Amino acid sequence: MTKTADDVWKTCLKIIKDNVNLQSYKTWFDPIKPVKLEKNVLTIQVPSQFFYEWLEEHYVTLLRKTIKRELDKDARLEYQIVMDGNSGNNAPYTVNIPTSNTGSNKNPEVLAPMVLGNQIKNPFVIPGLKKVQIDSQLNSNYTFETFVEGDCNRLARSAGFAVANKPGGTSFNPLVVHGGVGLGKTHLLHAIGNQVKMNYVDKTVLYVPSEKFTNQFIDYLKNNAVNEFIHFYQMIDVLMVDDIQFFANKDRTQDIFFHIFNHLHQSGKQILLSSDRAPRDLEGMEERLLSRFKMGLTTDLSIPDFETRMAILEKKMYSDGIELPVEVVEFVAYNVSSNVRELEGALISLLAQSSLNKKDVDLETAKKIIKNFVKSISREVSIDFIQKSVCDYFSVPMDKLKEKTRKRAVVQARQLSMYLAKSFTKSSLKVIGRYFGGRDHSTVIHSCQAVRDLMDTDKEFREAVVDLEKKIQMSIT
Ligand code: ADP
Ligand code: MG
């Protein structure tokens, strides 16, 4: 009696069922259809290219062993892949691919598909997928126009702009943007997405936070619809995944993302990723995924400097039609320096206050509000910074503070630096002394007294001290 493909496959499935968990069995083996058995070659039909790759990667050994056991030691497996039809002729068609040989023979020709029929030349290019409308999930307020440029973001911004003008067509693929919380990663991704939509109306753009991707995947997995999940992502031209650090230790999500990534990348689609740290610092991430991330450009967003913070505040005020006294804006920009989100939060608090009290916010009120708002406001200034400020002020070279020079200007700068270090930091006299070429605590006490004395008698000096105190106060971040 000759066995049919159905018979053989049924027996194979029994063995497979014993060797994989039920979920995987349902996902990856239930949808397979045996097609034909010719001599010792069994052909099975799988629903997609992706499916085939998944089986090859995860189950090829099991499949091969099982087939050999059922047929004979030379038995082989061939796949028939169902491809989407092109737009003119929507009938799906199939391509056949033999299983890969053992690891040692990774000749790509072994994997080269043979086309059934003559519908297309290159079966790996899925032609004319039915156009499905996808909501890109983009926030239209996050654009390049509203994203203020500064040293902190220049490279990321211009790489993003280049990508937006030529998605998939630059070497920035993937573009990985990393940086701490509130520094503009999400804003930049949306800006790129919005720009792509403006430049290319036909491109399918999708922004997805990584947690959403994971949750979606789990849902599809539960419903045995992983294929649909994959199909969906394969349609995207520009895929942006935000906060990929949340993929850490999620092996199956990483697995599926790896495959989606490869597919998109190989077909010239653009991938953009953001992360709260550099890829090399991501833990719990598969090495092969990390190596993919490094194929394009990795660039960071850092904390904006004072000028950029001012520009961001001014832009926000302008777009919201708000006016605040310049010293208030400067005060905020000086003191709220951790990230842009806090900067915005501070501005909103000021506004809330002014509309509540129906009067403009002055510096005093601003100080009170910001103090409650930002933990870091009373953070210490460093002794180095004090020394530098004083030396700049009096045009004295900084290293002179540590030397024994008794020149008047140097002595004054040294004493004043010690005095300011005492009043602005919590450092002990001993520690302060160390910053001045290892002078002892009594020298520091003496210096502080000398400064107080001089302030009493020398108006110009007193003004200098007040100026410097202001400057240091402003810089405290
Ligand atoms: P992240 O995703 O890095 O945590 P977001 O993109 O959510 O940060 O940015 C936080 C807030 O700061 C957003 O409201 C964003 O619009 C704003 N923001 C960040 N960077 C800039 C910038 N360079 N110019 C203007 N606004 C910015
Ligand atoms: Mg974000």
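Residues numbered from 1 in each chain as written. Chains lettered and ligands numbered in written order. Predicted model: local features only at pLDDT ≥ 70, side-chain atom pairs only at ≥ 80, totals over all residues. Heavy atoms only, no water.

1. Focus: helix α6 (residues 154-165)
The end-to-end C-alpha distance of α6, which contains 12 residues, comes to 17 Å, matching closely the 16 Å that a straight helix rising 1.5 Å per residue would cover. Looking only at α6, the buried set comprises Ala-156, Arg-157, Ala-159, Gly-160, Val-163 and Ala-164. The arc enclosing the buried residues of α6, seen along the axis, measures out at 165°, which places them on a common side. (Helix = DSSP H or I, 4+ residues; strand = E, 2+ residues; numbered from the N terminus. Expected span 1.5 Å × (residues − 1). Buried < 20%, exposed > 50% of the residue type's maximum accessible area, 1.4 Å probe, protein only. Arc of directions from axis to C-beta.)

2. Structural notes on the sheet that holds strand β7 (residues 205-209)
Strand order in the open sheet formed by five strands is β7-β8-β9-β6-β10, and the pairing between neighbours is parallel. Looking at the sheet topology across the chains shown, the edges are occupied by β7 and β10 (297-300). Sheet twist, expressed as the average angle between the axes of neighbouring strands with direction ignored, equals 15°. Strand direction decides the pairing type here: β7 and strand β8 (residues 238-242), joined by five bridges, are parallel. In the sheet register, Tyr-207 faces β8, and the bridge partner there is Met-240. Across the sheet, α6 touches β6 (175-178), β9 (270-275) and β10, and the angle it forms with β10 is around 140°. (Pairing = 2+ DSSP bridges. Axes fitted to C-alpha atoms, helices over the stretch in contact; angles between N-to-C directions. Contact = heavy atoms within 4.5 Å.)

3. A short note on the packing of helix α8 (residues 210-222) against helix α10 (residues 251-266)
In the contact formed by α8 and α10, the axes pass within 10 Å of each other and the chain directions differ by 95°. Considered as vectors, α8 and α10 are oriented roughly perpendicular to each other. Residues Phe-213, Thr-214, Phe-217 and Leu-221 of α8 lie in contact with α10, whose contacting residues are Arg-252, Thr-253, Ile-256, Phe-257 and Ile-260. Counted by class, the contact of α8 with α10 contains six nonpolar, two polar and one charged residues. (Parallel < 35°, antiparallel > 145°, perpendicular 65-115°, else oblique. Nonpolar A, V, L, I, M, F, W, Y, C, P; charged D, E, K, R; others polar.)

4. Observations concerning the site of ligand 1
If you check the shell around ligand 1, you find 18 residues, and the closest are Val-148, Gly-182, Lys-185, Thr-186 and His-187. Within the backbone of Val-148, a nitrogen or oxygen atom sits 2.8 Å from a nitrogen atom of ligand 1. Between Lys-185 and ligand 1, the recorded distance is 2.8 Å, taken from a side-chain N or O atom to an oxygen atom. In isolation ligand 1 offers 550 Å² of accessible surface; the protein chains occlude 93% of this area. Contributing elements (two or more residues each) for the shell around ligand 1: α7 (185-199), α12 (306-320) and α14 (340-357). Along the lines of polarity and charge, the residues of the shell around ligand 1 split into seven nonpolar, seven polar and four charged. Shared between two domains, the shell around ligand 1 takes at least three residues from each, and those domains are domain 2 (154-301) and domain 3 (306-373). (Near = heavy atom within 4 Å. Polar contact = N/O pair within 3.5 Å; in protein donor to acceptor, adjacent residues only side chain to side chain. Areas by Shrake-Rupley, 256 points an atom, 1.4 Å probe, with all protein chains shown as cover. Domains from an automatic or database assignment.)

5. Examining unusual backbone geometry
Of note, the amide linkage connecting Asn-173 to Pro-174 takes the cis form, showing an omega dihedral of 5°. Mapping Pro-174 onto the fold places it in the loop between α6 and β6. With phi around 65°, Gln-137 is a residue other than glycine that occupies positive phi space. Mapped onto the elements of the fold, Gln-137 is located in the loop between β5 (114-115) and α6. In this structure, Ser-395 takes a positive phi of about 50° despite not being glycine. Its place among the elements puts Ser-395 in the loop between α16 (383-394) and α17 (408-424). Ser-395 gets classed as exposed once you look at its relative accessible area, which sits at 66%.

6. Quick word on the environment of Arg-462
If you trace the backbone, Arg-462 turns up in helix α20 (residues 459-475). What makes Arg-462 partly exposed here is its relative accessible area of 34%. The spatial distance from the C-alpha of Arg-462 to the C-alpha of Arg-452 is 9.0 Å, given a sequence separation of 10 residues. Only 2.7 Å separates the side chain of Arg-462 from the backbone oxygen of Met-455, close enough to count as a polar contact.

7. Focus on the nonpolar core
One finds Trp-28, Phe-29, Leu-55, Leu-239, Ile-256, Phe-257 and Phe-293 to be the most contacted residues of the largest nonpolar core, which totals 57 residues. Excluding residues that lie within four positions of it along the chain, Phe-257 makes contacts with Phe-213, Leu-239, Val-241, Phe-247, Leu-273, Leu-289 and Phe-293. Listed in part, the 25 residues of the second largest apolar core include Val-390, Met-418, Phe-436 and Leu-468. (Core = buried A, V, L, I, M, F, W, Y, C linked by side-chain atoms within 4.5 Å.)

8. Focus on α8
Over its 13 residues, α8 extends 18 Å from the first C-alpha to the last, a length consistent with the 18 Å expected when each residue adds 1.5 Å. By the burial criterion, the buried members of α8 are Ser-210, Phe-213, Thr-214, Phe-217 and Leu-221. In an axial view of α8, the angular spread of the buried residues amounts to 95°, which keeps them on one side of the axis. Looking at the buried side of α8, the elements it contacts are α2 (22-29), β7, α9 (226-234), β8 and α10. Downstream of α8 by a residue or two, Asn-224 has a phi angle that is positive, lying close to 55°.

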